[in-house]
Each structure stands twice: as structure tokens, then as C-alpha cells.
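# Reading the structure
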Amino acid sequence: DDLALTIIYHGAPVTLSLPANATITDLSDAVFSRLSVPQSTQKFLVSPKPGLLRPPFKDGSLPISSLLSAKKITLLGSTTSEISSLSDSISKAARPRQPGPTKPAQPAPTRNWRRASEEAQYTFHTLRPLLHLPNPERSLRFLERLRDDPGVRAAMRRHKFSVGLLTEMNPAEHTTQESRTLGLNRNRGEVIELRLRTDAYDGYRDYRVIRLTLCHELAHNVWGEHDRNFWDLCKRLEKEVARDDWRSGGHAVGDEEFYNPNDEIGDHVDGGGWTGGEFVLGRAEGSTGNTGIELSRRDILARAAEERARKAK
């Protein structure tokens, strides 16, 4: 007899019919055939156990029957058409604009060419959302907002920070019962990952929290360990970014808001000296050794209150 397995995809239940002896590999093939989600982007969140499963599976012969007792199986991944559409939009955005009708010559405004050159050099050279997660175009706009934030741009230029890749972090891969990692820095700025989404993938974290995390990770471009040098630079970056953000503030991007009022702040800010796919967590300020950095919700709210008070002066 066939097995009927129900998974959740894009918030809706999808029931797949599989042979009684089907394996997790067979499920992956069925998802590609039925939903056009390629194996390279598939991720199965099986609650409560075994957790995250994705091709290539460690045990491709895992029987599907062993998953029937799961409370919920969620599929994450973009369809081939969604991937193609996003790739096209990114390519179009990168194309130079075609010249319009010729206009009468006007006196050229004075431009700071040195500043323009530095901003092109000291920036995030590539932005990359996770295509297999829902609505990757929203994550791309979030990353663009961070890159173009006046305070962040000024800090990047002042400290000569050049980051190869700024990308988003998959919450499922960096969440445990004890902690949530908010950011990672690999090889002192080769790659910076930021936790943009809520754990349930149904919203985005507060923009100011993400920007504080970015300041933390940028400080790791200079200092690997969480010592006094690191914390001095981190706090300096936070103050500079807030000071040089000349905009009125708020969370809005266009007509959307990247804010989830029920968001819980994670325990671990970053992975310190994460290198080559591994990361080491450092202690909180004033400590030594290798445990977690704690950034409580109270800390975040206190910093936000301080920033509002400073702007009100």
C-alpha cells in the first residue's frame, strides 16, 4: 500500500503519495516532480526529530515510514521558476541604464570623486539572499538597505572595510534550544552572514538589531577575539553608524516594514573566528575563553533608548 505524507510548503499543506518502502531520497524526487523544487534547494524541517534534512542526505535510505509520527514536516526551497525570476531581476538591476534623450548641457555639479572611489572600494561587493527560502527578493532588498545605509557606508569608508559577500543566515541551521546565532564573520570579512528572518520564517527581525549585529561582525574584520580591543571598536562603530545615519529613521523600506514586534532577541551574537566552515563562540565582554556572547533583549532596548535620547538632544 502507498503512504500518504503531508508536508507544509509556502504555508499550505501538500500531500504526497509514496510507496510503502519509500526512502527520504524518494521523497526528494517526488518533491522535485510534483512541486518543481530542485534537490539543490530542498530542506526538510522535521519537528520534533530528526530536525533538518537536506540532499545529499547522510542516510539516503532513511524510510519515510519513520517520519509519519512527526508533528510537522516543512519544506523550504524555491521552484525553478522562482530561481530564474530572481536571477533575471538581479541581472537587470546590474545592467547599465540606456541613455535617454539628449538634454541641454548643464553645469556639472561638484562631485567628490575621491569619496565616490572609496565608496566603490570599501563596501559589500556582493549581496546574496538564500534562494531556497521564501521571498528571497525581500531579503535582497534588506541587504541592499544595509549596504546603502548612510551610517554603514560612512563607517565602511572611514575604517576601510571591504567585504566580499554579505548574505543572510538560515535560522534553521543556527538555532538550538540554548541559543540563536545572529551573525557570522568568515576570514575577517571574506563573508558576513546576518540572521535576517524570524525562526518561523514568517517575518524579519528589527532593522536596528540587524544593524547592531553588522557593527559587531565588522569589528571582527580587525579583531578576532572578544577582548577589550574588539569591544572598543564595536562600540565605536555602533556610535558612528548611528551618528552618520542622517535619515529620519524607522523601519520602512518602500511600502513594507522589516519588523516583527514579537521577535525574540537571540543569545549569541556571532561566531567570532569562524573559518573554513567552522566557528568558535567567544565570551561576553570582560570574559575570556570560548562560550557565548550574550546580547539580551534588555540590552537591545537600552541601546535603542540611548540612541533615541541622543537624537532628541
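Residues numbered from 1 in each chain as written. Predicted model: local features only at pLDDT ≥ 70, side-chain atom pairs only at ≥ 80, totals over all residues. Heavy atoms only, no water.

Under an unreviewed UniProt entry, the name given to the protein is WLM domain-containing protein, and the source organism is Lineolata rhizophorae.

Time to look at unusual backbone geometry. Pro48 follows Ser47 through a cis peptide bond whose omega is 0 degrees. At the junction of Pro55 and Pro56, the peptide bond is cis and its omega measures out at -10 degrees in the coordinates. Mapped onto the elements, Pro56 comes out in the loop between strand E4 (51–53) and strand E5 (72–76). A positive phi is found at Ser36, a non-glycine position, where the angle reads about 60 degrees. Here Ser36 lies in the loop between helix H1 (24–35) and strand E3 (43–47). In the Ramachandran plot, Arg188 falls in the positive-phi region, its phi being about 50 degrees despite a non-glycine side chain. Inspection of the secondary structure puts Arg188 in the loop between strand E8 (181–186) and strand E9 (191–194). (Helix = DSSP H or I, 4+ residues; strand = E, 2+ residues; numbered from the N terminus.)

By rolling a water-sized probe across the atoms, one finds the places where empty space is left. The volume enclosed by the largest pocket comes to roughly 530 Å³. Lining the largest pocket are 22 residues, with Leu45, Thr74, Asp199, Ala200 and Tyr201 positioned closest to its centre. If you list the elements that add at least two residues to the lining of the largest pocket, you get strand E1 (2–9), E3, E4 and E5. Per-element accounting of the lining of the largest pocket gives the leading share, 4 residues, to E5. When grouped by side-chain class, the residues that make up the lining of the largest pocket number 13 nonpolar, 6 polar and 3 charged. Counting only domains with at least three residues in the lining of the largest pocket, you end up with domain 1 (2–84) and domain 2 (113–244). (1 Å grid on protein atoms, 1.4 Å probe; cavity = no way out; pocket = protein on both sides within 12 Å on 5 of 7 lines; lining within 4 Å. Points joined across faces, edges and corners; volume = space filled by probe spheres on them. Nonpolar A, V, L, I, M, F, W, Y, C, P; charged D, E, K, R; others polar. Domains from an automatic or database assignment.)

Right, let's talk about the state of the cysteines for a bit. Taken as a whole, this structure holds 0 disulfides when the rule is applied. We note that Cys215 lacks a disulfide partner, and the nearest cysteine sulfur, in Cys234, lies 6.7 Å from it. With a relative accessible area of 3%, Cys215 lands in the buried category. For Cys234, a relative accessible area of 1% translates into the label buried. (Disulfide = S-S within 2.5 Å. Buried < 20%, exposed > 50% of the residue type's maximum accessible area, 1.4 Å probe, protein only.)

With that settled, the discussion passes to helix H6 (residues 207–219). Given a rise of 1.5 Å per residue, 13 residues ought to cover 18 Å, and the 19 Å separating the end C-alpha atoms of H6 matches this to within 8%. The buried fraction of H6 is high, at 12 of 13 residues. For H6, the side-chain oxygen to backbone nitrogen distance between the N-cap and Arg208 is 2.9 Å, and the N-cap itself is Asp206. (Expected span 1.5 Å × (residues − 1). Polar contact = N/O pair within 3.5 Å; in protein donor to acceptor, adjacent residues only side chain to side chain.)

As for its position among the elements, Leu214 is in helix H6. Its relative accessible area of 0% is what places Leu214 among the buried residues. Apart from the residues within four sequence positions on either side, Leu214 is in contact with Phe124, Leu146, Val152, Leu166, Ile192 and Leu194. (Contact = heavy atoms within 4.5 Å.)

This brings us to the sheet that holds strand E2 (residues 12–19). What the 5 strands build is an open sheet, ordered E2-E1-E5-E3-E4; its pairing is mixed. In this open sheet, the two strands that pair with only one neighbour each are E2 and E4. Within this sheet the neighbouring strands show an average axis-to-axis angle of 35 degrees, counted without direction. The pairing of E1 with E5 spans 2 bridges and is classified as parallel. Bridged to Ile8 within E5 is Thr74. Packing of H1 onto the sheet brings it into contact with E1, E2, E3, E4 and E5, and relative to E2 it is tilted by some 125 degrees. (Pairing = 2+ DSSP bridges. Axes fitted to C-alpha atoms, helices over the stretch in contact; angles between N-to-C directions.)

What follows deals with the pattern of salt bridges. A complete count under the given rule lists 10 salt bridges for this structure. Residue Asp149 is joined to Arg211 by a salt bridge in which the shortest nitrogen-to-oxygen separation is 2.9 Å. Of this pair, Asp149 sits in the loop between helix H4 (136–148) and helix H5 (150–159) while Arg211 sits in helix H6; the two residues are 62 residues apart in sequence, bridging distant segments of the chain. Of the two residues, Asp149 and Arg211, neither departs from the other in class, the shared state being buried. Where Arg197 meets Glu168, a salt bridge forms, and the shortest distance between an N and an O atom there is 2.8 Å. (Salt bridge = Lys/Arg side-chain N within 4 Å of Asp/Glu carboxyl O.)

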